[in-house]
Structure formats: C-alpha cells, structure tokens
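Listed here are the chains, written in short residue letters.
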Amino acid sequence: MKACCWYGKNQVRVETVPDPKITNPRDAIVKVNLAAICGSDLHLLHGAVPSMESGDILGHEFMGEVMEVGPENHKLQRGDRVVVPFAIACGACFYCRHEMYSLCDNTNPNAGALEKVYGYSSAGLFGYSHLFGGYAGGQAEYVRVPFADVGPVKPPRTAAFSRAIPSRSGAAGR
C-alpha cells in the first residue's frame, strides 16, 4: 500500500509499505477514504517531536471503511463507515471509564518515556511518534485500528465523509 512517511526534519515521502494486519482480537483494518492534515503534523514535519523514526507513517485524523475486524470486536463489521479519533483508548481503564480517552493507561507502551520527556503520560496516538506508542498513522491506504470497538464512530449512512471533517472553527463541516 502507499503511505505518507517521515524521513527526517522536513523530509516526507509517499512510499510503498506493507499492508497492516490484525494483531489483536479487538482490532480492525480500515481503508482510508479521507485523512486530514492537523496543525500538530507540522510539529513532526519540523522535527519538534522526539522519537520519530525514519519511515514512520504520519497522520492521526482519518475516516474510512472497515475492511476486516478481529474476532472479539463486536461493535464493527466489514463495510461500516467510521471516523477514527487520534487517541487510541482501551475502554476499560479508569480514564476510559470516565470518558477521558486521551489519558488511557493501556494503549501507550512508551508512557513512561513520554512522562520523562513531557512530564505527563498520554494514550497511544495514531501517527505521532514512538513516545505516543509508535502507531502507524492514517495518511495511508489502510490502517490497523487497535481497540476498534472503543474509538471509531459510525456516522449516519447518508452523511458524506466530508461533513465529518472538523472545520476551522472546530465544528463539523457544513
């Protein structure tokens, strides 16, 4: 598949990379229809976020169609359209139970290193350095979505994906 990959400060290229695979039973594979460029992507581009590695796939705001689901994911099915938030949440920890998904205790395998660098921890984030879990981002043809029974939102079937993209004011597109 093709993906937008980071290769160093101000060095981004579209490359051919391996297709993602289901690795955990609650995963889903999403075919990306739209990916947004976030202002925080510029921090990566300019080299301001440590722990990026050559070839990392960028992008943490995307939407698309579910192509495959793991056997323990009972929320999604093949063909569902989903909008995927940037934070990866387990749905079971204290923070997730209190709907503070970006603080999830279980999705960032590098939470301790992140806390040392920034003074706080965070959930794993799509396409936002190895300090935030090292997850491949959404500026790609396909993405593995961990804990896909928690974060992805199914927009109404009749809604165009373009209406789900946040506008500059922060409201949904008009």
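Right, let's walk through the structure included here. (Residues numbered from 1 in each chain as written. Predicted model: local features only at pLDDT ≥ 70, side-chain atom pairs only at ≥ 80, totals over all residues. Heavy atoms only, no water.)

**Thoughts on the overall build of the chain**
Scanning the chain from terminus to terminus reveals three helices and nine strands. Taken from the N to the C terminus, the helices and strands of the chain come in the order β-β-β-α-β-β-β-β-α-α-β-β. Rg of the C-alpha trace for the chain: 15 Å, near the compact-globule value of 16 Å for 174 residues, within the 12% margin. For the chain, with 174 residues in total, the buried portion stands at 41%. The long-range share in the chain, meaning contacts at least 24 apart out of those at least 6 apart in sequence, stands at 62%. For the chain, the exposed surface amounts to about 9200 Å²; the carbon and sulfur share of it is 54%. Across the chain, the mean location of the 17 positive side-chain charges is 6 Å away from that of the 16 negative side-chain charges. (Helix = DSSP H or I, 4+ residues; strand = E, 2+ residues; numbered from the N terminus. Rg over C-alpha atoms; globule rule 2.2 N^0.38 Å. Buried < 20%, exposed > 50% of the residue type's maximum accessible area, 1.4 Å probe, protein only. Contact = heavy atoms within 4.5 Å. Areas by Shrake-Rupley, 256 points an atom, 1.4 Å probe, with all protein chains shown as cover. Lys, Arg positive; Asp, Glu negative; His and termini not counted. Charge placed at Lys NZ, Arg CZ, Asp CG, Glu CD.)

**Considering the pattern of salt bridges**
Inspection of the entire model under this criterion finds four salt bridges. Its salt-bridge partner being Glu15, residue Arg13 comes within 2.7 Å of it at the nearest N-O pair. Take Arg13: its relative accessible area is 39%, and that puts it in the partly exposed class. What makes Glu15 partly exposed here is its relative accessible area of 23%. Between Asp27 and Arg144 there is a salt bridge, with the nearest N and O atoms lying 2.7 Å from each other. Of the two residues, Asp27 is situated in the loop between β2 (11–16) and β3 (28–35) and Arg144 in strand β9 (residues 142–145); the sequence distance between them amounts to 117 residues. Using a relative accessible area of 1% as the deciding quantity, one classes Asp27 as buried. (Salt bridge = Lys/Arg side-chain N within 4 Å of Asp/Glu carboxyl O.)

**Things to note about the nonpolar core**
The biggest cluster of nonpolar side chains holds 18 residues, and the ones touching the most others in it are Leu44, Leu58, Cys96, Cys104, Tyr128 and Phe132. In terms of nonpolar packing, the next biggest core, distinct from the first, is built from 14 residues, Phe62, Val82, Phe126 and Tyr135 among them. (Core = buried A, V, L, I, M, F, W, Y, C linked by side-chain atoms within 4.5 Å.)

**Section: the packing of aromatic side chains**
For the structure shown, the criterion picks out five aromatic pairs. Measuring from centroid to centroid gives 5.4 Å for Tyr128 and Phe132, while their planes differ by 65°, and the two rings are edge-to-face. Over the aromatic face of Tyr7 sits the side chain of Arg13, whose NZ or CZ is 3.7 Å from the ring centroid. (Phe/Tyr/Trp six-rings, centres within 6.5 Å; stacked < 30°, edge-to-face > 60°. Lys NZ or Arg CZ within 6 Å of the ring centre and 35° of its normal.)

**A look at the pairing of β2**
One ladder, built from six bridges, connects strand β1 (residues 2–8) with β2; its direction is antiparallel. Across the sheet, residue Gly8 finds its bridge partner in β2, namely Gln11. Between the end of β1 and the start of β2, which pair antiparallel, lie two residues, with Asn10 showing a positive phi angle near 60°. (Pairing = 2+ DSSP bridges.)

**Observations regarding the sheet that holds β3**
Judged by pairing direction, the sheet is antiparallel, and its four strands sit side by side in the order β6-β5-β3-β9 without closing on themselves. Across the chains shown, the open sheet's two edge strands, defined by having one partner strand only, are β6 (81–84) and β9. Across the sheet, the mean angle separating the axes of adjacent strands is 45° when strand polarity is ignored. (Axes fitted to C-alpha atoms, helices over the stretch in contact; angles between N-to-C directions.)

**Things to note about the state of the cysteines**
A complete count under the given rule lists zero disulfides for this structure. The thiol sulfur of Cys38 is not disulfide-bonded, and the nearest other cysteine sulfur, from Cys4, lies at 14 Å. Judged by its relative accessible area of 19%, Cys38 falls in the buried class. The cysteine Cys90 is free of any disulfide, with Cys104 supplying the nearest cysteine sulfur at 3.6 Å. Residue class for Cys90 comes out buried when judged on its relative accessible area of 4%. (Disulfide = S-S within 2.5 Å.)

**Observations concerning the side chain of Ser40**
Relative to the helices and strands, Ser40 is located in helix α1 (residues 39–45). Polar side-chain contacts of Ser40 include one of 3.1 Å to the side chain of His60. Ser40 has contacts with His60 and Tyr128, leaving out every residue within four places of it along the chain. (Polar contact = N/O pair within 3.5 Å; in protein donor to acceptor, adjacent residues only side chain to side chain.)

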